[in-house]
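Single-letter residue listing:
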Amino acid sequence: MRSPTGRAAIAGTALALGLVAAWVLPPLATLVAWPLLLVVPGWVAITWLAPRIDAAGRLGIGIVLSVAASTHLVYWVSRLLGGYDRVAVFAVSGILAALVPLALARRAPLPRWRSVTPTAGALLVAWLAAAVVGLTLGVGLWRITPTGVVAGGSNWSDLGVHLSIAQTLNAGANFPPEVPYFAGVPLVYHWFADFHAAILAEAAGLFAVPAMVVQSTVLAAALALLVFSLARALLRGRHARRVATLAAALAIFAGGMGYIRFLADLWNGAGAPLDLIAASSYDNQWLTDWPFFRIPSVMGTGLLAHRATTAGLPMLVAAVLLAVAALPARHRRASGWRDRPALLALAGLLGALLAPFHFFFFPVVPLLVLAWVLTGDRLLEGDAPRNALTFLAPYAVAVPFVVAPLTQATGSGSLRLVSGWGSVPTDGGAMGVAFFYLTNLGVPFLLALAALLVPRLPRRGFVAAWILLLFAIPNLVQLSVVDFDMNKYFQAMWIAVAVAAAWLVHRWPAAVITAVLALSVPSPLLVAGWTATSNLQVLTRDELDAAAWVAGHTPPDAVFVTDGWVNALTDPAGRKRLTTFGPYVANLGYAPDERISNVTTIYCGGDAELSADLMRRYGATYVVDGGRPQGCPAPVDFGASPTFELAYDGSPRIWRLAE
């Protein structure tokens with residue numbers, strides 16, 4: 001039997017050779033670097049700490065910790081090296097790989113896959129979550145057809161934002177990033193989920209979309225594992241595993257009653273079932289009459305469209321799970337359980353690392369940890385100051401990422417107090433508002449509220465605080481220009497809703513539990529079907545060809561003038577543009593109107609010299625001459641001016657400033 005030092009040397013050599021091979025042959029990075037960036041280092045670290053967390057939770061924490069740590073490390077190594085590139089990615093991969101031989105050399109325990117097998121329910125839900133998310137995004141996120149590129153569901157409008165961030169980063173001239181769709185200003189969006197996807201793609205020499213699909217698939221599985229583990233930790237007892245399985249299933253696959261509209265459309269003969277699914281979300285619809293459905297499920301946007309939530313939600317759950325394991329309630333302390341300062345510090349660190357992944361969830365972690373301390377009767381103990389410092393000290397690492405967004409939101413007026421969530425229709429009075437929430441949040445929410453009335457619910461105070469606090473936030477404060485964005489807090493609330501609802505029903509007859517699931521899961525599954533099957537045009541075939549030309553024949557730092565449509569060929573090409581759909585810009589706290597007006601003048605001001613002057617003001621050197629802004633009184637003839645030269649003679653044509 002080899003010594004620990006010998007095993008460490010063998011493991012280190014194998015990993016080093018693997019990284020060298022992946023550097024030379026980029027596709028090998030999917031086998032060597034991707035596990036290091038997605039799973040391995042965090043799983044090794046949490047196994048090393050040996051927390052009172054089951055194997056499913058350790059694996060889930062390992063995933064989110066690996067994603068968070070690898071992204072932050074690449075960011076700071078890139079800042080140190082003066083730029084982000086493949087060197088930074090592989091340098092960090094090497095740092096993370098060193099954890100394995102280090103653990104072997106110190107005789108630290110390493111994770112074993114068989115240690116996960118007892119949690120069969122967790123694995124089942126995690127595999128189902130991964131399968132639904134992976135298959136849905138695999139066929140619906142970016143589909144190339146003879147007519148161009150189509151995307152399904154909300155990704156038709158959301159993907160361009162995320163893709164442009166990842167692709168401009170990997171083009172090599174947008175770090176630290178400017179807003180790629182509003183060039184010239186700092187990116188104050190929670191962009192690290194897209195950064196991590198860019199890192200995966202850069203390591204393997206891939207387009208960012210496949211990396212996004214793999215990343216979302218892994219994080220969806222992690223969320224299921226973490227909800228399962230958190231439910232077991234909160235609801236310890238003979239039936240805890242059954243409750244945890246139900247909680248994980250409800251967290252991932254349950255939602256509101258938007259399927260009522262689907263049933264109504266079928267009843268009214270509006271179309272064949274598959275045609276209706278491909279045409280409508282049935283989970284979150286805006287342009288409809290009563291009944292209104294405006295709160296998307298976790299599946300609907302959290303896992304299939306809003307990539308910040310895909311990463312941020314499991315990170316939030318993992319941080320809370322670590323805090324729960326680190327600080328047992330007073331009665332457990334009296335029975336011999338002890339505090340785990342290292343786990344508490346890790347909970348604080350993960351909460352801090354969450355900031356650039358999801359600004360909305362970042363402040364929720366300390367609020368939920370405080371709720372855990374209060375309901376566990378730990379606030380007034382002598383150890384409370386030490387515990388508070390242990391948890392909060394790591395938050396110093398979040399400061400560089402939160403100052404600019406907070407300043408931007410405050411200065412722009414995006415951050416303000418409100419009296420009720422702005423997306424709730426109020427015409428029906430209090431009863432109408434209640435009906436809206438009960439139908440939008442559905443059966444699990446009703447069950448959770450009922451569970452909170454039962455004194456026997458374990459950790460009732462904490463679960464109630466989680467639900468009520470997260471429900472209250474969007475009804476009291478607005479953090480962005482678009483009030484709809486506050487729905488993310490309902491998705492964070494949904495974790496506690498799933499736990500409480502699962503506890504209430506876990507001893508009910510199987511037929512009744514089946515009925516509960518049947519009334520809870522249709523909307524998320526319908527939105528998954530919509531995302532997978534709808535064919536919404538993102539780029540035409542000509543635009544896709546032009547994007548390939550732009551990627552190969554223009555400088556990485558080139559700035560383009562486009563017509564301001566939500567999608568543009570610059571997004572896959574990895575080039576910045578002057579503007580996009582106005583609310584997307586306003587949501588970052590920037591005023592888009594003046595630039596949108598100037599872009600209209602560039603296309604429609606009738607004076608090519610004025611167009612050139614405006615382009616110079618913004619640092620733009622190319623103009624995409626395809627669609628023109630609506631209401632174009634005097635289209636500019638770029639070809640008639642010596643100031644412009646034709647760079648790409650296709651459809652659309654692309655002009656370059658001659659000088």
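Just above sits the structure.
First, a word on what this report is: a plain description of the structure on this page. (Residues numbered from 1 in each chain as written. Predicted model: local features only at pLDDT ≥ 70, side-chain atom pairs only at ≥ 80, totals over all residues. Heavy atoms only, no water.)

For the rest of this paragraph, the subject is the overall build of the protein. Helices and strands together make up the secondary structure of the protein, namely 30 helices and 10 strands. Over its C-alpha trace the protein gives a radius of gyration of 25 Å, about what one expects of a compact globule, namely 26 Å for 659 residues. Considered along the principal axes of its C-alpha atoms, the protein spans approximately 85 × 70 × 45 Å. Scored against the burial criterion, the 659 residues of the protein give a buried share of 59%. Considering only contacts in the protein between residues 6 or more positions apart, those separated by 24 or more positions represent 75%. In the form shown here, the protein has an accessible surface area of approximately 25200 Å², with 65% of it arising from carbon and sulfur atoms. (Helix = DSSP H or I, 4+ residues; strand = E, 2+ residues; numbered from the N terminus. Rg over C-alpha atoms; globule rule 2.2 N^0.38 Å. Buried < 20%, exposed > 50% of the residue type's maximum accessible area, 1.4 Å probe, protein only. Contact = heavy atoms within 4.5 Å. Areas by Shrake-Rupley, 256 points an atom, 1.4 Å probe, with all protein chains shown as cover.)

Right, let's talk about the packing of aromatic side chains for a bit. Two measures describe an aromatic ring pair: the distance that separates the ring centres and the angle between the ring planes. What the rule picks out here adds up to 37 aromatic pairs. Between Phe445 and Phe471, the ring centres sit 6.2 Å apart and the planes meet at 20 degrees, which makes this aromatic pair stacked. With Phe445 in helix H21 (residues 429-452) and Phe471 in helix H22 (residues 460-476), this pair connects stretches of sequence that are 26 residues apart. Every member of this aromatic cluster is reached through a ring pair, and the members are Tyr75, Trp76, Tyr84, Phe175, Trp191, Phe192, Phe195, Phe357 and Phe401. We note Lys488 situated over the ring of Phe360; from NZ or CZ to the ring centre the distance is 5.2 Å. One Lys or Arg, Arg595, reaches over the ring of Phe182 and ends 3.8 Å from the middle of that ring. (Phe/Tyr/Trp six-rings, centres within 6.5 Å; stacked < 30°, edge-to-face > 60°. Lys NZ or Arg CZ within 6 Å of the ring centre and 35° of its normal.)

This part takes up the pairing of strand E8 (residues 622-625). Regular strands show a simple pattern: their side chains alternate between the two faces of the sheet. Neither face of E8 is left uncovered, since the one carrying Tyr622 and Val624 and the one carrying Val623 and Asp625 both have all their residues buried. Pairing of E8 with strand E10 (residues 653-657) involves 4 bridges; the strand directions are antiparallel. Looking at the pairing, Val624 lines up with Ile654 of E10. (Pairing = 2+ DSSP bridges.)

Taken together, the buried positions of helix H19 (residues 384-392) are occupied by Ala384, Asn387, Thr390 and Phe391. Burial along H19 is one-sided: seen end-on, the buried residues are contained in an arc of 125 degrees. Away from its buried face by more than 90 degrees, H19 exposes Pro385 and Leu389. Along its buried surface, H19 packs onto helix H17 (341-353) and helix H18 (364-375). (Arc of directions from axis to C-beta.)

What follows covers the packing of helix H8 (residues 155-171) against helix H10 (residues 208-234). Helices that pack against each other are described as a pair by the angle of their axes relative to one another and the distance between those axes. The interhelical angle for the contact between H8 and H10, taken along N-to-C directions, is 110 degrees, at an axis separation of 10 Å. Taken as axis vectors, H8 and H10 run roughly perpendicular relative to one another. For H8 against H10, the interelement crossing comes out right-handed. The segment H8 lies against H10, with Leu159, His162, Leu163, Ala166 and Gln167 engaging Ala208, Val209 and Met212. Here the residues of the contact of H8 with H10 sort into 6 nonpolar, 2 polar and no charged. (Axes fitted to C-alpha atoms, helices over the stretch in contact; angles between N-to-C directions. Parallel < 35°, antiparallel > 145°, perpendicular 65-115°, else oblique. Left-handed = near helix turned anticlockwise from the far one by under 90°. Nonpolar A, V, L, I, M, F, W, Y, C, P; charged D, E, K, R; others polar.)

Here we come to empty space enclosed by the protein. In the structure shown here, the tally under the stated rule is 4 cavities of 30 Å³ or more. Its volume calculated, the largest cavity comes out at about 100 Å³. If you go around the largest cavity, the residues you meet are Arg52, Ala233, Arg236, Val324, Ala325, Leu327, Pro328, Ala329, Arg332, Trp337, Trp372 and Arg459. Per-class residue counts for the lining of the largest cavity are 8 nonpolar, no polar and 4 charged. (1 Å grid on protein atoms, 1.4 Å probe; cavity = no way out; pocket = protein on both sides within 12 Å on 5 of 7 lines; lining within 4 Å. Points joined across faces, edges and corners; volume = space filled by probe spheres on them.)

Moving on, we get to the environment of Leu536. Here Leu536 lies in strand E5 (residues 536-540). Along the primary structure Leu536 and Gly606 are separated by 70 residues, whereas in three dimensions their C-alpha atoms are 33 Å apart.

What follows covers the sheet that holds strand E7 (residues 576-577). Within the open sheet, the 5 strands sit side by side as E7-E6-E8-E10-E9. Their pairing is mixed. Each of the sheet's edge strands pairs with one partner strand only, and the pair in question is E7 and strand E9 (644-648).

The next point concerns unusual backbone geometry. In this structure, the amide linkage connecting Phe175 to the following residue, Pro176, adopts the cis form with an omega of -15 degrees. Among the secondary structure elements, Pro176 is positioned in the loop between H8 and helix H9 (192-204). Cis geometry is adopted by the peptide bond preceding Pro652, which originates at Ser651 and carries an omega value of 10 degrees. At Ala50, a position not held by glycine, the phi torsion is positive, near 50 degrees. We note that Asp377 has phi near 60 degrees; this positive angle belongs to a residue other than glycine.

Time to look at the state of the cysteines. Counted by the stated rule, this structure contains 1 disulfide. At a sulfur-sulfur separation of 1.9 Å, the disulfide partner of Cys604 is Cys632. Measuring the twist about the S-S bond at about -105 degrees, one finds the Cys604-Cys632 disulfide to be left-handed. Here Cys604 is found in helix H29 (residues 593-604), whereas its partner Cys632 is found in the loop between E8 and E9, with 28 residues between them in sequence. Among the residues examined, Cys604 registers a relative accessible area of 6% and is labelled buried. (Disulfide = S-S within 2.5 Å.)

Counted according to the given criterion, the structure contains 17 salt bridges. Put simply, Asp339 and Arg386 hold a salt bridge, and the shortest N to O gap is 3.3 Å. Placement of Asp339 in the loop between helix H16 (330-334) and H17 and of Arg386 in helix H19 is noted, with a sequence separation of 47 residues between them. When the shortest N-O distance is used, the salt bridge between Lys488 and Asp485 registers 3.2 Å. Accessibility classification places Lys488 together with Asp485 in one group, the buried group. Overlapping salt bridges bring together Arg330, Arg333, Asp339, Asp377, Arg378, Glu381, Asp383 and Arg386 as one network. (Salt bridge = Lys/Arg side-chain N within 4 Å of Asp/Glu carboxyl O.)

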